[in-house]
Structures are given as C-alpha cells and as structure tokens.
Amino acid sequence: MAANQDPQDSGAGSLGPTEGPTTGRRLRVCVVDDEAEVRRLFATLIGRWEEMEFCGSYGEAHEALAGMVAARPDVILLDVLMPDLSGIECARQVRAKLPNARILVVTGMTDEGNLLAAFRAGAHGFIAKPVSPPDLREAIHVVAQGALYISPTMAGLFLDFVGCDPTSPSVE
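Keep in mind that what you see is a predicted model, and the values were worked out from it rather than measured. (Residues numbered from 1 in each chain as written. Predicted model: local features only at pLDDT ≥ 70, side-chain atom pairs only at ≥ 80, totals over all residues. Heavy atoms only, no water.)

**Remarks on the side chain of N114**
- Relative to the helices and strands, N114 resides in helix α4 (residues 112-120).
- Relative accessible area serves as the criterion here: at 14%, N114 is assigned to the buried category.
- Within the structure, N114 has its side chain in polar contact with the side chain of D111 (distance 2.9 Å). (Helix = DSSP H or I, 4+ residues; strand = E, 2+ residues; numbered from the N terminus. Buried < 20%, exposed > 50% of the residue type's maximum accessible area, 1.4 Å probe, protein only. Polar contact = N/O pair within 3.5 Å; in protein donor to acceptor, adjacent residues only side chain to side chain.)

The structure is reproduced here in structure tokens:
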C-alpha cells in the first residue's frame, strides 16, 4: 500500500483505467469461490472500478466451467478449495476451454504445495486471503496485462521453498 493511501480506500482511485487485454473495452472479471460472502464482496469491488466489468459469480467449479464459456472473462478470480472440484483442477480445465483467460488464484490455502500446483495448472497469479481492495485490483491488472503475480507474502514462501534468501550475499 502506498504510504499516503487511506487503509480504508476501496482502491477505486489507486490505479488509472486499464484497457482490456486486446481491446479498449473494460476488463471482464468473474469470481469462482465457494463462499457467497466473498463472491458478493468481490462483485461489489469490481463493480466500483470503472475499468472493470463483473461478468459472473460461481459457487462451484463445474458451474463455473459451464458458465464461463459464455461469459468470456478476461480474468478469473479462483479459490483453491471448492466443494465439487479443486480450484487447481478447475484452472487446468479453464486453460483448455478458455486459453486466453487469465487466472488469479485468491485463496486462504496458502502453502507452497498449492502455490506451485496453481502455477503448474496454468494460473497467472496467486494472492492470499484476506486481500485488501487495492492489492486485489493491482493483481487483476498485472495478470490482465500478461505478467505473473505473486503476493508479497506468497513470494516469501516461494523463495523459502526454493531455498533462496535475497538478503544473503551471493555465493558463487
């Protein structure tokens, strides 16, 4: 968060408008999460951000896989823990059905196994719940623009997992 940013800010003004991945249209974003309250919260936030358009809410992975083909989201916010099919397997199937969609995993399942499995399944980003509105907005923009995103807390876990310590002097 920027030093001069209000911690209660919804993020509505923190980033300027961003065009969709290939056109000047708004980013189409959908949410796949088993928690209805999370889906409502994300839908409300996305609805406030002028450069984004909320295009779907799904409580089950199978429902999402069917609905997203018609909704054609640019970015999919996907939880790992789902009642019918894991978010990891859902990501694999999304990549097969919607190869241009970008997948941002937003989950409380924040261990290195899920982090690595998500990227191996085709996710483009991974962010831990709870997530602040400005951080969520930034992550959506980053993956929509074609880059990979790992939240700072998850980046530290990843570096620990692979045995890197960026604070240590380089050893050759």
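**Here's the deal with unusual backbone geometry**
- That bond from K129 to P130 is cis: its omega, -5°, falls within 30 degrees of zero.
- Tracing the sequence through the fold places P130 in the loop between β5 (125-128) and α5 (133-144).
- Within the chain, R72 stands out as a residue other than glycine whose phi angle is a positive 50°.
- Relative to the assigned elements, R72 resides in the loop between α2 (61-71) and β3 (75-78).
- Taking relative accessible area as the criterion, R72 reaches 48% and is therefore assigned partly exposed.

**Notes on the pairing of β3**
- The two faces of β3 match: V75 and L77 on one face and I76 and L78 on the other face are all buried.
- Pairing of strand β1 (residues 27-32) with β3 involves 4 bridges; the strand directions are parallel. Following the sheet pairing, V31 is matched in β3 by L77.
- Pairing of β3 with strand β4 (residues 102-107) involves 4 bridges; the strand directions are parallel. When the bridges of β4 are listed, I76 appears paired with I103.
- Since β3 and β4 lie parallel, the crossover through helix α3 (residues 87-97) that links them has a hand, and here it is right-handed. (Pairing = 2+ DSSP bridges. Right-handed = clockwise from strand over helix to strand, strands pointing away.)

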